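Fold and geometry: a report
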Amino acid sequence: MTELGILDIRSITGALEKLHPFDFKNLALTSFKRRLEYIIEKYQFRGVDELIKKLQTDKDFLDDFLYDLTIKGTELFRDPSLWRTIKTQIFNDIKNSISTYKIWFCGNSTGEELYSFMILLNQAGLSDKVKIYVSCLSSKGIDNIKEKTIDTKQFELSLSNYERISTNKPLLEYFSDKANQRTLDTILGNNIEFIKENSIFENAPESINLVFLRNQMIYFNQILQEKFLGLIYRSLYTNGNLIIGVNESLENTSYSKNFIKDSSGENIFKKKSNIR
Amino acid sequence: MQKYKAVIIGGSAGSFQVITKILSSLPKNFPLPVILCLHRLKHVKSGFVEALSIKSSLPIYEPNDKDHIKPGNIYLAPANYHLFIELGNRFALSTEDQVNHSRPSIDLTFFTAASVYREKAIGIILSGANKDGAHGLKKMGEKGATTIVQNPEECQVATMTKAAMEISKIDHIFSTNEIINFLKGL
């Protein structure tokens, strides 16, 4: 496998800057380097120059590239204890909300987080009370989430996660099987809006009650983390919730003072006020 | 100038007692960070740090993403994440697919330690039942790091140490006590 150096990575981000508004140069270096190496291997490029040329001359490839750049989800209901808290606490908020409860799933290119949420929401009979925004870096990611298919290879883990959360309807009853893929039946209603992230800083959804941002900021350096948190902070209502991954933290950012961690011990944070 | 910047230890089946013994023997003023990448259960998020802490005189943390790496601290790779060493002396996490059926994967922690610390690291592989870590330790060796494996004769399960010895020349094949003496001499 080709090992990329800092200069290789800089020449790729330099080319990308002219093609797409996303802040590639502030992606976390190690993960970004690994993804670029994976892409070069996958498409059998002979080197960085060939990759850059393809990006510059083939618009469809740019979208494939953006899709391949993002890390795919590997399981439904990752961290079961969080989902138990969502079922009680967040669902209670949704139940008691006078207006439509708005949720933003940020940055995913596969649907595990969305599907997990929708299955539980459906069980609670609350599907009609929400409006959902899903933002994604690539069109291919959006298509992929809409397809509602999941690789059966890793379904064992999803099943064992689910068993820790729900004794309701068996998980498999939500899916139908074809070849090596398992497809989620219905559930995703027309209250879901998909947004491409190329202009997310101009077109971020507003008046949001809950943002799912689990294990997305780990792929950003601290500059981009600040930028993204600022965007999310502005989108959230006061007292709105932000969910981040188990080993993510706001402590290394300037936003730690603007959110209060939930008493459940899960990484659910409440926005304090609009004043920073 | 200090010769080393970090000690990185990989272990799996049969390594818990060895780790405990090493941690309980390190002095309070140990000059380097010790980064542990151990195969562990996905669902068991808590308890491991506490179990390791009982006998350790140094503080043990499960790092969060982008946390600073500080000397004299022990860091344990969190469950269900890969643990990377990032430039700027910080950790970075990843949820990319399992490598060698493992997340955290020892290979990935070693690869990133090789890139960042180069010759200023010590990589150690302990008892374990798969081959994770072998390629990572090889990479560390290629960058000039000091490489150590626990003597396979002493390992509860020797697959991991033997795999590392098969694909590269290891600097030291040490018993647990020899590993401890080596680290105390730093």
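Everything numeric in this text was worked out from a predicted model, so none of it was measured. (Residues numbered from 1 in each chain as written. Chains lettered and ligands numbered in written order. Predicted model: local features only at pLDDT ≥ 70, side-chain atom pairs only at ≥ 80, totals over all residues.)

Let's talk about the overall build of chain A
Helix and strand counts for chain A come out as 9 helices and 10 strands. Over its C-alpha atoms chain A spans a radius of gyration of 19 Å, differing by no more than 12% from the 19 Å that the globule rule assigns to 276 residues. Considering only C-alpha atoms, chain A reaches an extent of 55 × 50 × 30 Å along its principal axes. Taking as baseline every contact in chain A between residues at least 6 positions apart, the subset at least 24 positions apart corresponds to 80%. (Helix = DSSP H or I, 4+ residues; strand = E, 2+ residues; numbered from the N terminus. Rg over C-alpha atoms; globule rule 2.2 N^0.38 Å. Contact = placed C-beta atoms within 7 Å.)

Some remarks on the overall build of chain B
For chain B, the count of helices and strands is 6 helices and 9 strands. Over its C-alpha atoms chain B spans a radius of gyration of 15 Å, differing by no more than 12% from the 16 Å that the globule rule assigns to 186 residues. In terms of principal-axis extent, the alpha carbons of chain B reach across some 35 × 35 × 30 Å. Taking all contacts inside chain B whose residues are at least 6 apart in sequence as the whole, residues at least 24 apart take part in 72%.

Details of the confidence of the model for chain B
On average, residues of chain B carry a pLDDT of 95, and 97% of them reach 70 or more. Of the two predicted TM-score estimates for the complex, the pTM is 0.95 and the ipTM is 0.93. (pLDDT = per-residue confidence, 0-100.)

A look at the nonpolar core
In a soluble, globular protein the nonpolar side chains are often hidden away together inside. The biggest cluster of nonpolar side chains holds 120 residues, and the ones touching the most others in it are Val211, Leu213 and Leu242 of chain A together with Ala6, Val7, Leu36 and Ala113 of chain B. Of the residues forming this core, the biggest block, 8 residues, is contributed by helix H3 (residues 106–117) of chain B. Each of two domains, domain 1 (6–69) and domain 2 (80–271) of chain A, supplies a minimum of three residues to this core. Those residues in contact with Leu36 of chain B, other than ones at most four positions away along the chain, are Ile9, Ile19, Ile74, Tyr75, Leu76 and Ala77 of chain B. (Core = buried A, V, L, I, M, F, W, Y, C linked by C-beta atoms within 7 Å. Buried ≥ 20, exposed ≤ 12 C-beta atoms within 10 Å, placed from the backbone. Domains from an automatic or database assignment.)

Notes on the domain arrangement of chain A
Accessible area lost when the parts come together is the quantity often used to give the size of an interface. All names here are of chain A. When cut into domains, chain A gives domain 1 (6–69) and domain 2 (80–271). Once you take the C-alpha centre of each, domain 1 and domain 2 turn out to be 27 Å apart. The element contributing the most residues to the side of domain 1 that touches domain 2 is helix H4 (residues 59–69), with 4 residues. Partitioned by chemical class, the residues of the side of domain 1 that touches domain 2 number 6 nonpolar, 3 polar and 3 charged. (Nonpolar A, V, L, I, M, F, W, Y, C, P; charged D, E, K, R; others polar.)

Let's talk about the sheet that holds strand S4 (residues 175–178) of chain A
Residue and element names in this part refer to chain A. Taken in spatial order, the 3 strands line up as S3-S5-S4 in an open sheet, and their pairing is antiparallel. With partners counted over all chains shown, the strands left at the sheet margins are strand S3 (149–151) and S4, one partner each. The average undirected angle you get between the axes of adjacent strands in this sheet is 30°. Bridge analysis of S3 against strand S5 (residues 181–184) gives 3 bridges, and the strand direction is antiparallel. Looking at S5, one finds that Asp151 is bridged to Gln181. (Pairing = 2+ DSSP bridges. Axes fitted to C-alpha atoms, helices over the stretch in contact; angles between N-to-C directions.)

Quick look at the sheet that holds strand S7 (residues 121–125) of chain B
Residues and elements named next belong to chain B. Here 7 strands make up an open sheet; going across it, the order is S3-S4-S2-S1-S7-S8-S9 and the pairing parallel. The open sheet terminates on both sides in strands that have one partner only, identified here as strand S3 (60–61) and strand S9 (172–174). Relative to S7, strand S1 (residues 6–11) runs parallel, the two sharing 5 bridges. Across the sheet, residue Ala6 finds its bridge partner in S7, namely Ala121. Seen against the sheet, helix H4 (residues 134–142) touches S7 and strand S8 (146–150) and runs at an angle of roughly 155° to S7.

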